Amino acid sequence: EYANAVWSPYKQKHIKLIEQIQRNFTRMVDGMKNMDYSQRLRILKMPSLEFRRFRGDLIELFKITHNIYDPLTTKSLFSSAIFPYTRGHSHKLQKKSTNTSQYLHFFSNRMIDTWNALPDDVVNAESVNSFKNMIDKHFHDIMYSTDIER
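A quick note: this is a predicted structure, and the numbers were derived from the prediction, not measured.

> Would you take a moment to explain the overall build of the chain for this structure?
Secondary structure summary: the chain contains eight helices and two strands in total. Taken from the N to the C terminus, the helices and strands of the chain come in the order α-α-α-α-β-β-α-α-α-α. Here the chain holds 150 residues, and the buried ones make up 37% of them. Long-range contacts, defined here as pairs at least 24 residues apart, represent 61% of the contacts in the chain between residues at least 6 apart. When the accessible surface of the chain is summed, it comes to about 9,800 Å², and 53% of that surface belongs to carbon and sulfur atoms.

Printed below as a string of structure tokens:
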């Protein structure tokens, strides 16, 4: 999970290889060998590794948009959406256009749509910990999924 905002696989073959490690581990737990992977994750209350990367990206966005990191070092990553009547929350970000598909998966581009779609109360959480709790509640139904669309 360390540095997942910088390094996050986007090809399905790489995502599946990484998830296979946790899949094999959960199969070793007594009584879970014949269960479906998502069932094992629910019983163990272990989010999928893909969800943990997804959640980590949202946490990094929260820290950047709320100036928890030094704004001088992060200001070039994102542009605030400058619309006079932006619907939703006040921390909307503008998606940069790209000429190649390789830039679509960069941190500064891959989570913008998800971030902009979050409810106002989640984005305006009082602290990082309350934001984490709200994210877990908001995305509870995909927490154990291995096929998250960003």
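> Got a minute to help me understand the packing of helix α3 (residues 49–65) against helix α8 (residues 128–138) in this structure?
Closest axis-to-axis distance for the α3/α8 pair is 10 Å, and the angle between their directions is 140°. Accordingly, the angle class assigned to the pair α3 and α8 is oblique. Classified by chirality, the crossing of α8 by α3 is right-handed. Counted together, F51, R55, L58, I59, F62 and K63 of α3 and V128, F131, K132, I135 and D136 of α8 form the full contact between these two elements.

> Where do I start with helix α2 (residues 37–44) in this structure?
Two residues of an α-helix separated by three or four positions point the same way, owing to the 3.6 residues in each turn. Those residues of α2 that sit buried are Y37, R40 and L41. For α2, the buried positions fall inside an angular range of 100° around the axis, keeping them on one side. Structurally, α2 contributes buried residues whose contacts are with α1 (12–27). One or two residues past the end of α2 sits K45, with phi positive at roughly 55°.

> Just to check I follow, could you spell out the nonpolar core for this structure?
In this structure, F54, L58, W115, L118, F131, I135 and F139 are the most contacted members of the largest nonpolar core, which totals 25 residues. Mapped by element, the contributors of at least two residues to this core are α2, α3, α6 (112–117), α7 (120–123) and α8. When residues in this core are grouped by element, the largest group, seven residues, is from α3. Setting aside residues up to four positions removed in sequence, L58 forms contacts with M111, T114, W115, L118, F131, I135 and F139.

> How should I be thinking about the confidence of the model for the chain in this particular structure?
Close inspection of predicted coordinates is inappropriate for parts of the model with low pLDDT. When pLDDT is averaged across the chain, the result is 83; 85% of the residues are at 70 or more. Least confident of the elements in the chain is strand β1 (residues 79–80), whose mean pLDDT is 64; most confident is α8, at 96.

> How do you make sense of the packing of α1 against α2 when you look at a structure like this?
Helix-helix packing is characterised by the crossing angle of the two axes and by the distance between the axes. It is at 10 Å that the axes of α1 and α2 come closest, and there the two elements cross at 70°. As the angle between them shows, α1 and α2 are arranged roughly perpendicular. For the pair α1 and α2, the sense of crossing is left-handed. Contact residues: α1 offers E19, Q22, R23, T26 and R27, while α2 offers Y37, R40, L41 and L44. Looking at the contact of α1 with α2, its residues break down into three nonpolar, two polar and four charged.

Conventions and cut-offs
Residues numbered from 1 in each chain as written. Predicted model: local features only at pLDDT ≥ 70, side-chain atom pairs only at ≥ 80, totals over all residues. Heavy atoms only, no water. Helix = DSSP H or I, 4+ residues; strand = E, 2+ residues; numbered from the N terminus. Buried < 20%, exposed > 50% of the residue type's maximum accessible area, 1.4 Å probe, protein only. Contact = heavy atoms within 4.5 Å. Areas by Shrake-Rupley, 256 points an atom, 1.4 Å probe, with all protein chains shown as cover. Axes fitted to C-alpha atoms, helices over the stretch in contact; angles between N-to-C directions. Parallel < 35°, antiparallel > 145°, perpendicular 65-115°, else oblique. Left-handed = near helix turned anticlockwise from the far one by under 90°. Arc of directions from axis to C-beta. Core = buried A, V, L, I, M, F, W, Y, C linked by side-chain atoms within 4.5 Å. pLDDT = per-residue confidence, 0-100. Nonpolar A, V, L, I, M, F, W, Y, C, P; charged D, E, K, R; others polar.

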